[in-house]
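# Results of the structural survey
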Amino acid sequence: MQNVRILTAGDSSLLVEFGSEISPEINRKIAATVQLMREQHIEGIVDVIPTYCSLLVNYDLRVVGYDEMKKRLEDLVRVDVKTGAGVRTVVEIPVCYGGEYGPDLPGIAEHAGLSEEEVIRIHTSRDYLIYMLGFLPGFTYLGGLDERIHTPRLPNPRLSIPAGSVGIGGSQTGIYPLDSPGGWQLMGMTPVKTYDPERETPILVEAGQYIRFVEIDEERYLRIKEEVARGEYQCVIHREG
């Protein structure tokens with residue numbers, strides 16, 4: 001594969017660089033490589049962590065040495081993995097916008113010169129590619145936010161943002177998976193737990209998938225929240241393509 005570099009990233013990690021720009025094409029290459037690695041069950045790999053333009057591979061030195069692991073990765077990235085659009089996995093995330101659930105929605109609308117309803121319509125009008133997870137467990141870095149609602153971060157970050165808050169920070173939108181400090185402008189909240197350490201798979205979504213925000217009212221929000229607490233709620237998932 002052209003323009004791919006494999007770099008040392010510690011005594012038991014290698015970094016596979018696929019490029020230097022943020023793009024859906026590079027993200028598809030990373031996702032396809034991760035899938036290929038899973039299919040090959042390469043002995044010694046402990047974890048793979050996708051980022052915007054690279055893939056961090058952590059391995060166990062007691063199982064495989066540096067030279068062998070680097071060669072395995074060099075062989076792997078030479079494989080002509082399919083990077084077409086293929087089947088997209090889209091996860092619906094219900095969101096209650098505005099009011100106490102999205103205290104910054106009026107400011108976002110004012111900054112954009114739009115009504116609150118227009119901001120919500122724009123925010124829910126497209127699917128967002130999950131480029132990577134980070135910052136907090138399950139925090140999604142999403143691509144594709146409409147330029148009309150790009151909004152600067154708060155000048156003074158909040159000391160505590162509740163889990164499930166959906167916000168905008170500059171050109172990005174995302175979901176806070178845990179209570180944490182943060183400076184993003186909050187426009188709504190989801191009752192879905194994008195990170196739950198009690199689940200068999202704690203993190204709800206994966207890099208390479210898509211998120212589709214769906215507006216719900218407060219009554220529906222509270223009902224879903226109860227279903228989540230009972231372990232009964234399942235997100236709607238579309239497989240398209």
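Below: a short report on this structure. (Residues numbered from 1 in each chain as written. Predicted model: local features only at pLDDT ≥ 70, side-chain atom pairs only at ≥ 80, totals over all residues. Heavy atoms only, no water.)

## Concerning the layout of surface pockets
- Approximately 230 Å³ is the volume found for the second largest pocket.
- By residue number, the principal contributor to the lining of the second largest pocket is helix α5 (residues 218–229), which donates 4 residues.
- Grouping the amino acids of the lining of the second largest pocket by side-chain chemistry returns 11 nonpolar, 3 polar and 2 charged. (1 Å grid on protein atoms, 1.4 Å probe; cavity = no way out; pocket = protein on both sides within 12 Å on 5 of 7 lines; lining within 4 Å. Points joined across faces, edges and corners; volume = space filled by probe spheres on them. Helix = DSSP H or I, 4+ residues; strand = E, 2+ residues; numbered from the N terminus. Nonpolar A, V, L, I, M, F, W, Y, C, P; charged D, E, K, R; others polar.)

## What to know about the packing of aromatic side chains
- Summed over the entire model, instances satisfying the criterion amount to 8 aromatic pairs.
- Their ring planes at 50° and their centres at 5.4 Å tell us that Y52 and Y131 sit as a pair that is tilted. Remark: Y131 occurs in strand β6 (residues 128–133) and Y52 occurs in the loop between β3 (45–50) and β4 (54–59); sequence separation between them is 79 residues. In terms of burial, Y52 and Y131 fall into one category: buried.
- Ring centres of F139 and Y141 lie 5.2 Å apart, and the angle between their planes is 65°; on these two criteria the pair is classed as edge-to-face. (Phe/Tyr/Trp six-rings, centres within 6.5 Å; stacked < 30°, edge-to-face > 60°. Buried < 20%, exposed > 50% of the residue type's maximum accessible area, 1.4 Å probe, protein only.)

## Some words on the side chain of S23
- In this fold, S23 is placed in the loop between β2 (13–17) and α1 (24–40).
- Within the structure, S23 has its side chain in polar contact with the backbone nitrogen of I26 (distance 3.2 Å). (Polar contact = N/O pair within 3.5 Å; in protein donor to acceptor, adjacent residues only side chain to side chain.)

## A short note on unusual backbone geometry
- Even without being glycine, H41 reaches a positive phi, approximately 50°.
- Among the secondary structure elements, H41 is positioned in the loop between α1 and β3.

By themselves, these observations are geometric and do not establish any function.
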